[in-house]
Amino acid sequence: MNTVLAATLHDPAGRMLKQARRVLPVLKEIFPAITVRASQSTDANILAAFTAAGAQIDSRPAQAPDGQKLGLVRYAALTLALQTHKPFILYCDGDRALHWAEQYPEELARVAEQVSEYDFTVLGRTERAFQTHPAVQRDTERIINRVFHLVSGWEWDVGAGARGLSRQAAEAILGGSRDENLSTDVSWPLYLHTLNGFRLGHLLTEGLEFETPDRHVNEVADAGGLEAWLEQFSADPQRWLERLELAGGHLRAMLQFIQPS
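Quick caveat, the model's predicted, so the values are computed rather than measured. Sequence order as written defines the numbering, with residues in each chain counted from 1. Totals for whole chains, interfaces and linings use every residue, but because this is a predicted model, local features are given only for residues with pLDDT of at least 70 and side-chain atom pairs only at 80 or more, for both listing and counting. The side-chain figures draw on all heavy atoms in the structure; neither hydrogens nor water molecules are used.

Trainee: Would you mind going over the pattern of salt bridges in detail, with residue names and values included?
Mentor: Each salt bridge in this description consists of a side-chain nitrogen of Lys or Arg and a carboxyl oxygen of Asp or Glu lying within 4 Å of one another. What the rule picks out here adds up to 15 salt bridges. One connected set of salt bridges, linked through shared partners, spans Arg125, Glu141, Asp157 and Arg243.

Right under this line is the structure:
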């Protein structure tokens, strides 16, 4: 296996600790190296669990506070992963990586191999996996995916928080991409496409289904089950505003790559 797992992690309350202890042996079996760019406020116990599994951790203060300019955290994750000298990187948000390894370990192992087929692989979701997300997320991400198609010609699901990269692609992004926000979802593949010479692809997965319920078991039970909890999740107008603003940031990032007619 020539692929390193590059994860980001933000878990001040330690909600992922039990799952991490269950799943880290699976990740360790799949990946020859694991790197984690953690927020400074992440619970010390979960960092210790990753360290005990052999992961390389970087939790130094980022260039921006937790929750802001998260694109910077993704650049830091790539930088850390490159230190392992593996030829390919599977970047994934830490909560999604844990869920994927627990629920679909065989698929994750297969995808870790398949990312070597391209310089940059957008890892998306099957329709079933996409539908597991709450409406506030599905509806706003459809806007992002639709505009990405208009700009690039690719009908890809770009918002799942996971990517496969060759070392060369990661180095090119670190050397030339300037997007500091979560809109790296769209700006990274579009930037590489402008350079030519890089092979870009898309792969649909089941394991990138909605992972957040893993960390909210009690809340799901109190709501009367997962379906009711998801309905509550999308019933907050503030969440719709936040997701629409996120989508707007992605659209602004994409507009920079439209060639003038």
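Further notes follow.
Trainee: Tell me what's going on with the packing of aromatic side chains, and back it up with residues and numbers.
Mentor: Centres within 6.5 Å make a pair out of two Phe, Tyr or Trp rings, where for Trp the six-membered ring is used; the pair is then stacked when the planes are under 30 degrees apart, edge-to-face when over 60, and tilted otherwise. For the structure shown, the criterion picks out 6 aromatic pairs. Summarising the aromatic geometry, the rings of Trp154 and Trp156 are spaced 4.4 Å apart at their centres and angled 5° between planes, so their arrangement reads as stacked. Three or more aromatic residues joined by ring pairs form one cluster here, namely Phe148, Trp154 and Trp156. Here, a charge over a ring is recorded when the distance from Lys NZ or Arg CZ to the ring centre is within 6 Å and its angle to the ring normal is within 35 degrees. Seen from the ring of Phe233, Arg239 lies directly overhead, with NZ or CZ sitting 3.9 Å from the centre.

Trainee: Could you give an account of the packing of helix α1 (residues 17-30) against helix α5 (residues 105-114), naming the residues involved and the relevant values?
Mentor: The relative placement of two packed helices is expressed as an angle between their axes plus a distance between the axes. Remark: α1 packs on α5, axes separated minimally by 10 Å, with the N-to-C direction vectors making an angle of 30°. Between α1 and α5, the angle falls in the class roughly parallel. α1 and α5 meet at a crossing whose hand is right-handed. Contacts from Val26, Leu27 and Ile30 in α1 reach Pro105, Leu108, Ala109 and Ala112 in α5. Ten residues, namely Ala, Val, Leu, Ile, Met, Phe, Trp, Tyr, Cys and Pro, are considered nonpolar, four, namely Asp, Glu, Lys and Arg, are considered charged, and the remaining ones, Gly among them, are considered polar. Grouping the constituent residues of the contact of α1 with α5 by class yields 7 nonpolar, no polar and no charged. Only the stretch in contact is used when fitting a helix axis, every axis being a line fitted to C-alpha atoms; angles between N-to-C directions are given from 0 to 180 degrees. Strands here mean DSSP runs of E at least two residues long; helices mean DSSP runs of H or I at least four residues long; both are numbered from the N terminus. Roughly parallel covers angles under 35 degrees, roughly antiparallel covers those over 145, roughly perpendicular covers 65 to 115, and oblique covers all other angles. What makes a crossing left-handed is the near helix being turned counterclockwise from the far one by less than a right angle; a clockwise turn instead makes it right-handed. The contact criterion used is simple: two residues touch if any of their non-hydrogen atoms lie within 4.5 Å.

Trainee: Talk me through unusual backbone geometry; I want residue IDs and the actual numbers.
Mentor: Of note, the phi angle at His85 is positive, near 65°, even though the residue is not glycine. The exposed category is assigned to His85, whose relative accessible area is 63%. Of note in this structure, Asn196 is not a glycine but carries a positive phi near 65°. Here Asn196 lies in the loop between α9 (184-195) and β7 (200-205). Burial classification: accessible surface area is computed with a 1.4 Å probe over protein chains only, and a residue below 20% of its type maximum counts as buried, one above 50% as exposed, and the rest as partly exposed.

Trainee: Can you tell me about the nonpolar core, naming the residues and giving the values?
Mentor: Of all hydrophobic cores here, the largest spans 34 residues; its most connected members are Leu27, Phe31, Phe50 and Leu90. Mapped by element, the contributors of at least two residues to this core are β1 (3-9), α1, β2 (34-38), α2 (44-52), β4 (88-93), α4 (94-103) and α5. Looking at this core element by element, the count peaks at 6 residues for α1. Excluding residues that lie within four positions of it along the chain, Phe31 makes contacts with Thr3, Val4, Leu5, Leu90, Leu108 and Ala112. The nonpolar core is taken to be a set of buried Ala, Val, Leu, Ile, Met, Phe, Trp, Tyr and Cys residues, with the residues joined through side-chain atoms within 4.5 Å. Counting residues in hydrophobic clusters, the runner-up holds 31 residues, among them Val147, Val158, Tyr191 and Leu200.

Trainee: Could you give an account of α4, naming the residues involved and the relevant values?
Mentor: Counting buried positions along α4 yields 8 of 10 residues, so the element is predominantly enclosed. Every buried residue belonging to α4 is among Gly94, Asp95, Arg96, Ala97, Leu98, His99, Trp100 and Ala101, and all of these are buried.

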